[in-house]
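Survey of secondary and tertiary structure
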Amino acid sequence: MCATCGCDSHSSPTIRVSGESQSHDHSHDHGHSHSHTKTVVEVEKDVLHENNLLAQRNRGYFEAKKILALNLVSSPGSGKTSLLEKTLIDCKDEFQFYVIEGDQQTTRDADRIHATGTKVAQINTGKGCHLDAHMILHALQSMKPKENSVFFIENVGNLVCPAMFDLGEQERVVIISVTEGDDKPIKYPDMFHSSTLCIINKTDLLPYVPFSMDKVKEYARQVNPTLEFIEVSCTSGEGLDRWYQWLKEKTKVPAEA
Ligand SMILES: Nc1nc2c(ncn2[C@@H]2O[C@H](COP(=O)(O)OP(=O)(O)OP(=O)(O)O)[C@@H](O)[C@H]2O)c(=O)[nH]1
Ligand SMILES: [Mg+2]
């Protein structure tokens, strides 16, 4: 049992890489203890400290290979996989993509990504409600992404716990859909505070739901004044060009000083 969020992510997650017939169950032995004599706070510190060390290792790997790694976070059903499907197809000539899919159960999202022709690993967290850096490290070792690629990590749908776990990504992208209500940034501030980009999805549904674009941005800026916003509809395709432009900017090689 993980004391950090109460979920059971530290029991063996299952990692399946597309194109590989064997599933890979690994024991989760990376040294942290779950001593019952420790206080919850101490265990939480241990878990996050261990995670942060492994996240730094992942970050070093991404930097050495000049890979742009993005952690996509949102509540369930905001449209993370839909955004990825569109992106992988529309931008397939410009980028080499890799995807990790995090879900408690099933390979449904990985199957959708695989259908676009992209290499994908599904991580099933079981009772766990977030991905952690150790899971990403294992998936990276199986996937062996190429240099200069774009590596998407679709986290488990959850606006709370994934905010605490650095995976080694360069940037965190939070997705909110207009059907969720415009007050989510102040109710779940950690996720919006730790993200650099907020994608507001399902704008095609704006005529049917009480959602204020001004209010959601105002609330989000209260917790993160520098947060950027891109409004999109994965269904109609509206606004996706701005997202693709953002990706291009992020993958630009900085000019030599
Ligand atoms: N109307 C509308 N529906 C959308 C849009 N984007 C996604 N959906 C629908 O929203 C539902 C959830 O989309 P997913 O892409 O599976 O969402 P997700 O965030 O990956 O979900 P989890 O992985 O379960 O957290 C699906 O029925 C999509 O078809 C959109 O822009 N407009
Ligand atoms: Mg999904």
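See the structure above.
Residues numbered from 1 in each chain as written. Chains lettered and ligands numbered in written order. Predicted model: local features only at pLDDT ≥ 70, side-chain atom pairs only at ≥ 80, totals over all residues.

**Considering the overall build of the chain**
Counting its secondary structure elements, the chain contains eight helices and nine strands. For the chain, with 257 residues in total, the buried portion stands at 41%. Here the contacts in the chain between residues at least 6 apart in sequence split such that 76% fall between residues at least 24 apart. (Helix = DSSP H or I, 4+ residues; strand = E, 2+ residues; numbered from the N terminus. Buried ≥ 20, exposed ≤ 12 C-beta atoms within 10 Å, placed from the backbone. Contact = placed C-beta atoms within 7 Å.)

**Quick look at the site of ligand 1**
Around ligand 1, 17 residues are found, and the nearest of them are Gly79, Lys80, Thr81, Ser82 and Gly157. By residue number, the principal contributor to the shell around ligand 1 is helix 2 (residues 80–90), which donates three residues. Class assignment of the residues belonging to the shell around ligand 1 gives a composition of three nonpolar, ten polar and four charged. (Near = placed C-beta within 6 Å. Nonpolar A, V, L, I, M, F, W, Y, C, P; charged D, E, K, R; others polar.)

**Observations concerning the nonpolar core**
Ranked by internal contacts, the top residues of the largest apolar core, which has 57 residues, are Ile136, Ala139, Phe152 and Ile153. Among the elements that take part in this core, helix 4 (residues 133–143) stands out by supplying six residues, more than any other. The contact partners of Ile153, leaving out residues within four places of it in the chain, are Ala69, Leu70, Asn71, Leu72, Ile100, Leu131, Ile136, Leu167 and Glu169. (Core = buried A, V, L, I, M, F, W, Y, C linked by C-beta atoms within 7 Å.)

**Details of helix 4**
The set of residues buried in helix 4 consists of Ala133, His134, Met135, Ile136, Ala139, Leu140 and Met143. Positive backbone phi, approximately 50 degrees, marks Lys144, located one or two places after helix 4.

**Side note on unusual backbone geometry**
Here the phi dihedral of Lys66 falls at roughly 55 degrees; this positive angle occurs in a residue that is not glycine. Mapped onto the elements of the fold, Lys66 is located in the loop between helix 1 (40–64) and strand 3 (68–74). Phi at Lys144 is positive, roughly 50 degrees, even though this residue is not glycine. By the element assignment, Lys144 lies in the loop between helix 4 and strand 6 (150–154). A residue is classified by how many C-beta atoms lie within 10 Å of it, and Lys144, with 10 of them, is exposed.

**Considerations on the pairing of strand 8 (residues 197–201)**
The buried count for strand 8 comes to four of five residues, which makes it a mostly enclosed element. Where strand 7 (residues 171–177) and strand 8 come together, five bridges link them in parallel fashion. Bridge pairing in strand 8 places Ser177 opposite Asn201. Relative to strand 9 (residues 228–231), strand 8 runs parallel, the two being bridged by four bridges. (Pairing = 2+ DSSP bridges.)

**Re the pairing of strand 7**
Buried residues dominate strand 7, accounting for six of its seven residues. Across five bridges, strand 3 lies against strand 7 in parallel orientation. Pairing of Val73 across the sheet is with Val174, part of strand 7.

**A few points about the environment of Thr116**
With respect to the secondary-structure elements, Thr116 resides in the loop between helix 3 (108–114) and strand 5 (119–124). Taking C-alpha positions, Thr116 is 9.8 Å from Thr87, a pair spaced 29 residues apart along the chain. Residues within four places of Thr116 in sequence aside, it is in contact with Glu85, Leu88 and Ile89.

**A closer look at the environment of Ser194**
Inspection of the secondary structure assignment puts Ser194 in the loop between helix 6 (189–193) and strand 8. Each C-alpha atom, one on Ser194 and one on Asp166, is 9.7 Å from the other, the two residues being 28 residues apart in sequence. Setting aside anything within four residues of it in sequence, one finds Ser194 in contact with Ala163 and Arg172.

Fair warning: the whole summary comes from geometry, so function is off the table for now.
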